[in-house]
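# Remarks on the overall topology
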Amino acid sequence: MATNTPDYVQDQFPGPDPYAPLKDLPSFTLTSTDLENGQELPEKLRAPESISPQLSWSDLPAGTKSLAITCFDPDAPTASGFWHWAVFNIPVSVTELPTGAGSDATLRGLDGVVTLKGDSGLREHYGAAPPAGHAPHRYLYAVHAVDVEELDIDPDSTATVLGFNLYFHSIARTVLWGYYENKS
């Protein structure tokens, strides 16, 4: 169970910390030219544009054999949040995804990569889309360092199944996040 309160846990957001019940894992460096940690998401990262952010990572722990990326909204008015993106089996040699790579299920041709359908029903990144007037929602972009080259997950599985497998195979995790509130 995580012992330190992450910066994305704040009173103005209605949902829980989705990583609190999971193992406390080390982190590594994660940056983006499109997303400023803890700030409002730019319009291009919101639906209907739904462009995935540029992401770069470094300082992965020894034993990292592949990567997974998820985007989760823990503030959605459901009992289970809302998965916006779930991709895994990213080769460890990859250290960056360009802006918009999430619109392609192979992240622009990476061998072995699997993108699952998110809660939008799409097999790609789906931008921020909170219901009008609900509350500000957080969008947690997490990069997971995985201890196997390939997770054996059916490509028709849900992002929740990926999350379950990541519990057993993640050796580090870093979250970069932003928020958006639909006030209309």
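Placed above this text is the structure.
These lines cover the structure that appears in this document, whether it is placed above or below. None of the values given here were measured: they were computed from a predicted structure.

### Some remarks on the packing of aromatic side chains
For any pair of aromatic rings, the description rests on two quantities: the centre-to-centre distance and the angle between the ring planes. Applying the stated criterion to the full structure yields 7 aromatic pairs. Ring geometry for F72 against W83: centres 4.5 Å apart, planes inclined by 50°, an arrangement best described as tilted. Residue F72 is found in strand 4 (residues 66–73), and its partner W83 is found in strand 5 (residues 82–91); the two are separated by 11 residues along the sequence. Residue F72 is classed as buried on the basis of its relative accessible area of 8%. What makes W83 buried here is its relative accessible area of 14%. Ring plane angle 45° and centroid distance 6.4 Å describe the contact between F82 and Y126, whose orientation is recorded as tilted. Separated by 44 residues along the polypeptide, F82 in strand 5 and Y126 in the loop between strand 7 (114–115) and strand 8 (137–146) bring together distant segments of the chain. A relative accessible area of 23% means that F82 is categorised as partly exposed. What makes Y126 partly exposed here is its relative accessible area of 24%. An aromatic cluster of three or more residues is present, and its members are F13, W177 and Y179.

Cut-offs applied
Residues numbered from 1 in each chain as written. Predicted model: local features only at pLDDT ≥ 70, side-chain atom pairs only at ≥ 80, totals over all residues. Heavy atoms only, no water. Phe/Tyr/Trp six-rings, centres within 6.5 Å; stacked < 30°, edge-to-face > 60°. Helix = DSSP H or I, 4+ residues; strand = E, 2+ residues; numbered from the N terminus. Buried < 20%, exposed > 50% of the residue type's maximum accessible area, 1.4 Å probe, protein only.

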